[in-house]
Amino acid sequence: MLELRLPPPHLMNDRHLAQIRKIIADVLATQQQHGNRAGNQTIFDTIGVEARFVLGERYWGEALDYHLGLLYAHIGEPEKAAHHFDRSGTLPSDGGDRIFSEHARDSVERQRHQQAAKARGIPALLIASMPRSASASLTQTLASALDAPLMRVSCGQIPSYYLVPRWLNCFSPGGAVLHDHFGAAPFNLKAVRDGGFREVFVRVRDPRPAAASMASLLNRRFGAPDGIDSESQIIALCEGYFIPWIADWLAVAADAKSGLKVHWLAQPPDATADMARQVLTILAPEHPALGRYLATDVAAVKANYVTGDEAAWRKDVSKSGQQRLWQAMPQNLKDLLALKP
């Protein structure tokens, strides 16, 4: 476990007390201005945390392997990441670069939920979702309808989310819904096939509003980048990530030797319930337990949903920029999503 790096009693003096009082004042000011999350972040940034000695080297060895796995994934070395995740003994959680103890606690709770759903005949719903495609609404709708946990079995960051084979193999026996953004990289495709999957649902959306939504999200979280305007940022994300992400899956779908059948989930963001029923309908013949859920209305859940306006991106991109993005998209992508210039 981690604990705050406060000075031990025998080192506490008037100087330390004054420092802590100042930290408290800064934390309270931050909380009042930016909220509770920011207040906690100020504590972690100014005081810091340290690894407790009492848990022993074995625990910290597993934690170190888990943290190294995250780091290797973020620099694009999935094989080394997979090696360390295997050694960590971890199970899948709902994602994010959590510290080891937080990840472990969440993953154990999800495994219990998964076992209960699996016992009811719920399969593993393998869904690869383009970011900012209303995928959270889709997967939460399915998880709520089926009373199954959401899981994420990849790590890394845009443009490369890499699957963790150990986590995928924990997910594959069934009883869970995947909310994940992994792309069709060779490492990921091999992991999917090795995990016993022959079908994958791929959630896609017009890459232009998706890129605009991602730019807005990144700017809110990290601040706008220096030296690049909003239009250039959207174009860079669209050309560098969103268009290639869909194009790679289109190549898999067209490749008879890929070993995978791609089921497209390409409806507009407001068609969440229809997409959820599409997934259940396709899987029901092999998993009869899903029939009872198809016999009732599927209630749509809204999550991470801003406006759903597919044309809002045009306000931030000039006519010439719009034409550039139109020319950057391959024809089969335009046809799949029935796009207009």
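Look up: the structure comes first, before these words.
Residues numbered from 1 in each chain as written. Predicted model: local features only at pLDDT ≥ 70, side-chain atom pairs only at ≥ 80, totals over all residues. Heavy atoms only, no water.

Trainee: Go over the overall build of the protein, please, and point to the residues and values.
Mentor: A tally of regular secondary structure across the protein gives 14 helices and 10 strands. Radius of gyration (C-alpha) of the protein: 22 Å, near the 20 Å computed for a compact globule of 341 residues. Taken along its principal axes, the extent of the C-alpha atoms in the protein is 70 × 55 × 40 Å. Within the protein, the proportion of its 341 residues that are buried is 45%. (Helix = DSSP H or I, 4+ residues; strand = E, 2+ residues; numbered from the N terminus. Rg over C-alpha atoms; globule rule 2.2 N^0.38 Å. Buried < 20%, exposed > 50% of the residue type's maximum accessible area, 1.4 Å probe, protein only.)

Trainee: Break down the sheet that holds strand E3 (residues 124-125) for me, with residues and values.
Mentor: Adjacent strands of a sheet form backbone hydrogen bonds with each other and so pair up, either parallel or antiparallel. On the basis of which strands lie adjacent, the open sheet formed by 3 strands has the order E3-E8-E5 and parallel pairing. Here the strands that pair on one side only, and so sit at the sheet edges, are E3 and strand E5 (150-151). As paired strands, E3 and strand E8 (residues 176-178) are joined by 2 bridges and run parallel to one another. Residue Ala124 lies in a different strand from E8, and its bridge partner there is Ala176. (Pairing = 2+ DSSP bridges.)

Trainee: Can you lay out the side chain of Ser107 for me, pointing to particular residues and giving the numbers?
Mentor: Its location among the elements puts Ser107 in helix H5 (residues 100-119). Residue classification places Ser107 among the buried residues on the basis of a relative accessible area of 3%.

Trainee: So what's going on with helix H2 (residues 36-47)? Residues and values would help.
Mentor: Across its 12 residues, H2 extends 17 Å between first and last C-alpha, which sits within 8% of the 16 Å expected from 1.5 Å per residue. Among all positions in H2, only Ala38, Gly39, Thr42 and Ile47 are buried. The buried residues of H2 occupy an angular sector of 145 degrees when the element is viewed end-on, so they sit on one face. The exposed residues of H2 that point more than 90 degrees off its buried face are Arg37 and Asp45. Buried residues along H2 sit in contact with strand E1 (2-4), helix H1 (14-34) and strand E2 (49-51). A positive backbone phi angle near 85 degrees is found at Gly48, which sits one or two residues after H2. (Expected span 1.5 Å × (residues − 1). Arc of directions from axis to C-beta. Contact = heavy atoms within 4.5 Å.)

Trainee: Which residues make up the packing of aromatic side chains, and what values do they have?
Mentor: Under the definition given, this model contains 10 aromatic pairs. On the basis of an interplanar angle of 90 degrees and a centroid distance of 4.9 Å, the ring pair of Tyr59 and Trp60 is categorised as edge-to-face. Both residues of the pair, Tyr59 and Trp60, count as buried. These aromatic residues form a ring-pair network of at least three members: Tyr59, Trp60, Tyr66, Phe85, Phe100 and Trp167. Sitting above the plane of the Trp326 ring, Lys334 keeps its charged end 4.1 Å from the centroid. (Phe/Tyr/Trp six-rings, centres within 6.5 Å; stacked < 30°, edge-to-face > 60°. Lys NZ or Arg CZ within 6 Å of the ring centre and 35° of its normal.)

Trainee: How would you sum up the pattern of salt bridges? Please name residues and give values.
Mentor: Applying the stated criterion across every chain yields a total of 14 salt bridges. Put simply, Asp106 and Arg98 hold a salt bridge, and the shortest N to O gap is 3.5 Å. Taking the relative accessible area as the measure of exposure, Asp106 reaches 10% and is therefore buried. Residue class for Arg98 comes out partly exposed when judged on its relative accessible area of 24%. (Salt bridge = Lys/Arg side-chain N within 4 Å of Asp/Glu carboxyl O.)

Trainee: Give a detailed account of the sheet that holds strand E10 (residues 261-265), specifying residues and quantitative values.
Mentor: Strand order in the open sheet formed by 3 strands is E4-E9-E10, with parallel pairing between adjacent strands. In the strand order of this sheet, the two ends are held by strand E4 (127-129) and E10, each with one partner. Strand-to-strand twist of the sheet, defined as the mean angle between neighbouring strand axes without regard to direction, takes the value 25 degrees. In this fold helix H11 (residues 272-283) packs onto strand E9 (199-203) and E10, with an angle of close to 155 degrees to the strand it touches most, E10. (Axes fitted to C-alpha atoms, helices over the stretch in contact; angles between N-to-C directions.)

Trainee: Please give an account of the packing of helix H10 (residues 230-254) against helix H13 (residues 319-328) that cites residues and values.
Mentor: With their axes 11 Å apart at the nearest point, H10 and H13 run at an angle of 5 degrees to one another. Between H10 and H13, the crossing angle belongs to the class labelled roughly parallel. Of the residues in H13, those in contact with Glu231, Ile235, Cys238, Glu239 and Ile243 of H10 are Gly321, Arg324, Leu325 and Ala328. For the contact of H10 with H13, the per-class residue count stands at 5 nonpolar, 1 polar and 3 charged. (Parallel < 35°, antiparallel > 145°, perpendicular 65-115°, else oblique. Nonpolar A, V, L, I, M, F, W, Y, C, P; charged D, E, K, R; others polar.)

Remember, this is a structural readout, not a statement about activity or role.
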